[in-house]
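Each chain is listed here by its residues.
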Amino acid sequence: MPTSPAVLTEARRLRDLFAAKGAQVVKADVLQPAETLLDLYGEDIRGRSYLTSDPLRGEMVLRPDFTVPVVQMHMEARADPARYTYSGKVFRKQDTDETRANEYVQVGYEVFDGQNPAGADAEVFAAIAEGLDGLPVRAATGDIGVLMAAVRGLRTTEDRKAALQRHIWRPRRFKALLGRYGGKMPVPETRRALLAADDPFAAAGPDIGLRSRAEVEARIAALRADAAAPPIAGEEIALIDAILALRKTAPHVLSTLRDIAVDMPAIGDAVARLEARLESLSDRGVDVDTLDFEGSYGRTSLEYYDGFVFGFYAVDRPDLPPVATGGRYDALTAQLGQGRAVPAVGGVIRPDLVVGLSC
Amino acid sequence: MLKLGVPSKGRLMEKTFDWFGSRGVGLRKSGSDREYAGAVDGIDGIELVLLSAGEIPRELASGNIHLGVTGSDLVREKLANWDARVAELAPMGFGGADLIIAVPQAWVDVDMLDDLDAAAAAFRARHGFRLRIATKYHRMVREFLRDNGVADYQLVDSQGATEGTVKNETAEAIADITSTGETLRANGLKILEDGLIHASQATLFRGRRAGWSDEQRQKLKALQMVLGIS
């Protein structure tokens, strides 16, 4: 669908606004190599993006966002700190809702600056809020860093923590794993039988395929070690549940998290960062007393945020997708940086939705 | 006139003719055996269209046919958001087959999706690529694994002899249709306990595309009365 002049004008206005804040204007190819995205997100990306094949370049994808190419660009340029802005179309398959646009303009503001992460979080949020100034929108925020810190702080095996970290963005599997490790969910009969067997391979069929006998044995050893490890204490699981259930204004959440940190000191740094962020936001004129905070905000698959997360929603239009979204993605830069990582935070605005709300 | 799409050959066609016939609606091919034209006896205003079972979901969704008989698996695989585009009128009790996930019997540590997910994580770390699942049912498998939180796998396309892909080392696991599981066992594979993606059977569908005339609606009602499925 061609972009309307009004949307193009709005996109230009937003990009100029971000450029005036010192962001360098960058561009990215519409067709991106698909391999990076498949490595990051797996097969789910096929349900959400337009993949196609190029006879020489292999699988390509119509860019579903700018973040990945901008991170790649930044990691090659190696100039820290840096701020970038861009404006261009992104493409998303809409498998379940035909009324949602499958191509639309995004204008973004990305900050690569490790000096003061809380300050950079606030800078991006405030820049996006400024872009939406005067519109009937409300902000939702969260912090995946708190949940990740809580998982790291569990008194349990490293294998269990790694499994939970791997599924941070898949709430259902995360909950199931936590239930299993906490002894709340019964061990499946098949596993009980496997661990009780004198010879687990007695009924094994022929060794076929690439996954070797040694790999199967290694997993059985891991399952035995897991069965021998004590369950995660109920109090600790209750603390994780309490973090996930948080749904209050930011100052209330901060005070609740401070209480939780008494029992779970591992989240102390993450809570301190939340506090510093709220101060920075306040310094930038954001009314943090009314700012909503949700403990499980941003935990959806196909996301890469691992710290501060936020979204802006049209107040009277719950049917619309968020007008703007953003967050911190330090881990993504580590994955794309081949050993190098740069703290990074960014946000995007959809000018088409802005225009729709302005008139 | 209501257009009814029915599989154009094989057992699926014969069973469909039997199903309608035993309910008082005669379906038959007209003309020579090679022609894909049909005739309907016992009720007026229904036109029989003989099509490949795989094309019936698309034709229903586009409104080219109003009613159609095909496998419930094909509708789910070929139509995004299938239940907004077609409606199930009657399961027909034949053509049953299960879409399942199967892994080598040698994987004694893998019996559930939970195990598959853990094995996939370890496999990727060890081999440097995501564990491959061979299938031709990409949409259904992907949605099933996403809903169940399985990660670190990839789907590789296999349009036939899927059971052999593990032995041939072009995949580590498969997702395929089976009715008895015999071929799977013969190929050294076993079905995951919670790996049933969909229990498919031949089903009579109605297209949901808007724009039916009153006459067509009444015709459908009349047909449902005759078939005893209203």
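Calculation notes
- Residues numbered from 1 in each chain as written.
- Chains lettered and ligands numbered in written order.
- Predicted model: local features only at pLDDT ≥ 70, side-chain atom pairs only at ≥ 80, totals over all residues.
- Heavy atoms only, no water.
- Helix = DSSP H or I, 4+ residues; strand = E, 2+ residues; numbered from the N terminus.
- Rg over C-alpha atoms; globule rule 2.2 N^0.38 Å.
- Buried < 20%, exposed > 50% of the residue type's maximum accessible area, 1.4 Å probe, protein only.
- Pairing = 2+ DSSP bridges.
- Contact = heavy atoms within 4.5 Å.
- Buried area = accessible area lost by both parts, 1.4 Å probe.
- Salt bridge = Lys/Arg side-chain N within 4 Å of Asp/Glu carboxyl O.
- Polar contact = N/O pair within 3.5 Å; in protein donor to acceptor, adjacent residues only side chain to side chain.
- Core = buried A, V, L, I, M, F, W, Y, C linked by side-chain atoms within 4.5 Å.
- Axes fitted to C-alpha atoms, helices over the stretch in contact; angles between N-to-C directions.
- Parallel < 35°, antiparallel > 145°, perpendicular 65-115°, else oblique.
- Left-handed = near helix turned anticlockwise from the far one by under 90°.
- Nonpolar A, V, L, I, M, F, W, Y, C, P; charged D, E, K, R; others polar.

So, on to the overall build of chain A. Helix and strand content of chain A: 15 helices and 12 strands. In terms of overall dimensions, chain A is globule-like: its C-alpha atoms have a radius of gyration of 23 Å, near the 21 Å expected for 359 residues. For chain A, the spread of C-alpha atoms along the principal axes amounts to about 70 × 55 × 40 Å. Looking at the 359 residues of chain A, the share that counts as buried comes to 51%.

Residue and element names in this part refer to chain A. Judged by how many residues are buried, strand β12 (residues 344-349) sits mostly within the fold: 6 of 6 residues are covered. The two faces of β12 match: Ala344, Gly346 and Val348 on one face and Val345, Gly347 and Ile349 on the other face are all buried. Of the strand pairs in this sheet, strand β6 (residues 103-112) and β12 are connected by 6 bridges, and their pairing is antiparallel. By the bridge assignment for β12, valine 107 is matched with isoleucine 349. Sheet topology note: the strand β11 (residues 324-328)/β12 ladder contains 5 bridges and is antiparallel. From the neighbouring strand, arginine 328 faces β12, where its bridge partner is valine 345.

Glancing now at the interface of chain A and chain B. Between chain A and chain B, the contact holds 37 residues from the first and 46 residues from the second. Where chain A abuts chain B, roughly 3,400 Å² becomes buried across the two surfaces, and 48% of that area is made up of carbon and sulfur atoms. Counting across the interface, chain A meets chain B through 11 salt bridges. B:Asp117 serves as the salt-bridge partner of A:Arg166, at 2.8 Å between the closest nitrogen and oxygen. Linking chain A with chain B are 17 residue pairs in polar contact (both at pLDDT 80 or more), by the criterion used here. Elements that contribute at least two residues to the side of chain A that touches chain B include exactly α2 (34-41), α3 (44-48), α8 (171-181), α9 (189-196) and α10 (213-228) of chain A.

Ranked by size, the top nonpolar core spans 101 residues in total, and within it A:Leu132, A:Leu257 and A:Ile267 carry the most contacts. For this core, the element with the highest residue contribution is helix α6 (residues 144-152) of chain A, accounting for 7 residues. In this structure, B:Trp107, B:Tyr153, B:Leu155 and B:Ala173 belong to the second largest nonpolar core, which totals 30 residues.

Let us look at unusual backbone geometry. Going from A:Asp80 to A:Pro81, the amide bond is cis rather than trans, its omega being -10 degrees. At B:Asn81, a position not held by glycine, the phi torsion is positive, near 55 degrees.

Moving on, we get to the packing of α10(A) against helix α5 (residues 113-127) of chain B. It is at 11 Å that the axes of α10(A) and α5(B) come closest, and there the two elements cross at 125 degrees. Of the possible angle classes, the one that applies to α10(A) and α5(B) is oblique. Our pair here, α10(A) against α5(B), has a crossing hand that is right-handed. Residues A:Ala214, A:Glu215 and A:Arg219 of α10(A) form the contact with α5(B), whose own contacting residues are B:Asp115, B:Ala118, B:Ala119, B:Phe123, B:Arg126 and B:His127. By residue class, the composition of the contact of α10(A) with α5(B) is 4 nonpolar, 1 polar and 4 charged.

For the structure shown, the criterion picks out 42 salt bridges over all chains. Measuring nitrogen to oxygen at the nearest pair gives 3.8 Å for the salt bridge that ties A:Arg155 to A:Glu236. Here A:Arg155 is found in the loop between α6 and α7 (158-166), whereas its partner A:Glu236 is found in helix α11 (residues 234-245), with 81 residues between them in sequence. Its relative accessible area of 65% is what places A:Arg155 among the exposed residues. By relative accessible area, which is 6% here, A:Glu236 ends up buried. Two residues, B:Arg132 and B:Glu172, come together in a salt bridge whose shortest N-O distance is 2.5 Å. A residue pair is termed long-range when its members are at least 10 positions apart, and B:Arg132 in strand β8 (residues 131-135) and B:Glu172 in the loop between β9 (153-157) and β10 (173-178) qualify at 40 residues. Of the residues examined, B:Arg132 reaches a relative accessible area of 14% and is grouped as buried. We classify B:Glu172 as buried; its relative accessible area is 1%.

With that settled, the discussion passes to the pairing of β6(A). The side chains of a regular strand alternate between both faces of the sheet. Residue and element names in this part refer to chain A. Of all the 10 residues making up β6, 9 are buried; the element is thus mostly covered by neighbouring parts of the structure. Where strand β5 (residues 82-91) and β6 come together, 10 bridges link them in antiparallel fashion. Bridge pairing in β6 links tyrosine 86 to glycine 108.

Residues and elements named next belong to chain B. If you trace the 5 strands from one edge of the open sheet to the other, you get β9-β8-β10-β7-β11, paired in mixed fashion. Looking at which strands have only one partner, the edges of the open sheet turn out to be β9 and β11 (189-200). Averaged over neighbouring strand pairs, the angle between their axes works out to 25 degrees when direction is ignored. Pairing geometry for strand β7 (residues 97-104) and β10, over 5 bridges, is antiparallel. Bridge pairing links isoleucine 101 to alanine 175 in β10. Most of the contacts of α5 go to β8, to which it runs at about 125 degrees, and overall it touches β7, β8 and β11.

Our next topic: the sheet that holds strand β4 (residues 58-62) of chain A. Residue and element names in this part refer to chain A. A sheet is described by the order of its strands in space; here 3 strands give the open sequence β2-β4-β3, paired in antiparallel fashion. For this open sheet the edge positions go to β2 (31-33) and β3 (51-54), each flanked by a neighbour on one side alone. Within the sheet, the average angular offset between the axes of one strand and its neighbour, ignoring direction, is 45 degrees. In the sheet, β3 pairs with β4 via 4 bridges, with the strands oriented antiparallel. Bridged to aspartate 54 within β4 is glycine 58.

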